[in-house]
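These are the residues of each chain, in order.
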Amino acid sequence: MNFSLGYIKNDNQFLLRQFGGEERDRGKLMDLEELKDAELNGLIYSENFLTEDNKPTLFELIRFFPLRKGEEFALSHDAFADLDDTNAQKIYSKMNEPWVLGNNLSLLEELFKVINHLKKLYPNERTAFFEELWFILKSNLGATDLTIVYNDIELAKKETEKNKLIRVKVEGSRNPNPVSGGEVEDKLMAHYENEFNQVFNVSEYDPHKGELVLTASINNSPVLVMAKINQLTRLQKALMNSLFEGLQNHN
């Protein structure tokens, strides 16, 4: 599985490295200000770097990915620069798994509140609904990339025209990006058509490649989720099932 990690080098820079590719990535040195937009799956920092001044800014990032001290892994910046894929995967798992578990427990504690909020968005603010759902799924699955494909209605612009059923895709690795779907999305929805009769289903999961496909239905409208993840636990599956079950209109 491909993933990216960053290591803060000093007060001004961090090293961004990609792992899991065919060729070894030596990394890219970036300005610390770019952290707010960097597509990272985890960030490592030295205990010496953390001060009362930068702590609030740094810990705002934990919403997007896990943060851990390099000292926890006996990992210096220089060692990180030479890290191979196998050891990087071990470190990433140690970062990702407790972060995801924390997100799972937070969602469990707030599940009814989250469901009620989303249900208010669904009828009239469909884009906002799926952007928020995207973020919930990404953080609770610990996904490096996540895509949601769903149906929407394009309203007619003229009296002589009819409303049109369209596909919309929400994709991204850090923030949700909604775009109009095309032929590929039409084929995907057709491919999984027979699986949308369930409220929630793990359609495909390859633990070696980290590839996950979820099929779901919200008030009989199909939803397809594709993600790259580190692992899939019973708690995650139970939470996702409860979330989608709660989004149904049973009245």
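Fair warning: this is a prediction, and the values are worked out from it, not measured in the lab.

Chemist: Help me understand the packing of helix α4 (residues 111–121) against helix α5 (residues 126–141) in this model?
Modeler: When two helices pack together, you describe them by how their axes are tilted relative to each other and by the distance separating the axes. The geometry of α4 relative to α5 is characterised by a closest axis approach of 8 Å and an angle of 150 degrees between their N-to-C directions. With respect to their mutual orientation, α4 and α5 come out roughly antiparallel. Residues V114, H117, L118 and L121 of α4 form the contact with α5, whose own contacting residues are R126, A128, F129, E132, L133 and I136. Split into classes, the residues belonging to the contact of α4 with α5 amount to seven nonpolar, one polar and two charged.

Chemist: Would you mind showing me how to read the sheet that holds strand β3 (residues 28–31) here?
Modeler: Pairing between sheet strands relies on hydrogen bonds along the backbone, with the strands arranged either parallel or antiparallel. Reading across from one edge, β3-β2-β1-β4-β5 is the order of the five strands in this open sheet, with mixed pairing throughout. Strands at the two margins of the open sheet, each flanked by one partner only, are β3 and β5 (67–69). Direction aside, neighbouring strands of the sheet carry axes that sit 30 degrees apart on average. One ladder, built from six bridges, connects strand β1 (residues 3–8) with strand β2 (residues 13–19); its direction is antiparallel. If you follow G6 over to β2, its bridge partner there is L16. Helix α3 (residues 85–109) contacts β1, β2, β4 (43–45) and β5 of the sheet and is inclined by roughly 85 degrees relative to β1.

Chemist: It is not clear to me how the side chain of Q248 should be interpreted in this structure. Could you clarify?
Modeler: On the secondary structure map, Q248 appears in the segment after α7 (234–246). With relative accessibility at 7%, the residue Q248 sits in the buried group. Separated by 2.6 Å, the side chain of Q248 and the backbone oxygen of F244 make a polar contact. Beyond its immediate stretch of four places on either side in the chain, Q248 contacts K119, V199, S217, I218 and N219.

Chemist: Explanation requested: the packing of aromatic side chains in the structure shown.
Modeler: Any pair of aromatic rings gets described here by the distance separating the centres and the angle formed by the planes. Under the defined criterion, the tally for this structure stands at 12 aromatic pairs. Centre to centre, the rings of Y7 and F80 are 5.5 Å apart; their planes meet at 40 degrees, and the pair counts as tilted. Of this pair, Y7 sits in strand β1 while F80 sits in helix α2 (residues 77–81), placing them 73 residues apart in sequence. Like F80, Y7 is buried. Ring plane angle 75 degrees and centroid distance 6.4 Å describe the contact between Y45 and F59, whose orientation is recorded as edge-to-face. You can see Y45 sitting in strand β4 and its partner F59 sitting in helix α1 (residues 55–59), a full 14 residues away along the chain. Residue class for Y45 comes out buried when judged on its relative accessible area of 4%. Relative accessible area serves as the criterion here: at 34%, F59 is assigned to the partly exposed category. Among the aromatic side chains, those forming a connected cluster through ring pairs are F3, Y7, F19, F80 and Y92. Above the face of the F135 ring, R63 is positioned so that its terminal group lies 4.2 Å from the ring centre. Looking at R174, its charged tip hangs above the ring of F64, at a distance of 4.3 Å from the centre.

The rules we used
Residues numbered from 1 in each chain as written. Predicted model: local features only at pLDDT ≥ 70, side-chain atom pairs only at ≥ 80, totals over all residues. Heavy atoms only, no water. Axes fitted to C-alpha atoms, helices over the stretch in contact; angles between N-to-C directions. Helix = DSSP H or I, 4+ residues; strand = E, 2+ residues; numbered from the N terminus. Parallel < 35°, antiparallel > 145°, perpendicular 65-115°, else oblique. Contact = heavy atoms within 4.5 Å. Nonpolar A, V, L, I, M, F, W, Y, C, P; charged D, E, K, R; others polar. Pairing = 2+ DSSP bridges. Buried < 20%, exposed > 50% of the residue type's maximum accessible area, 1.4 Å probe, protein only. Polar contact = N/O pair within 3.5 Å; in protein donor to acceptor, adjacent residues only side chain to side chain. Phe/Tyr/Trp six-rings, centres within 6.5 Å; stacked < 30°, edge-to-face > 60°. Lys NZ or Arg CZ within 6 Å of the ring centre and 35° of its normal.

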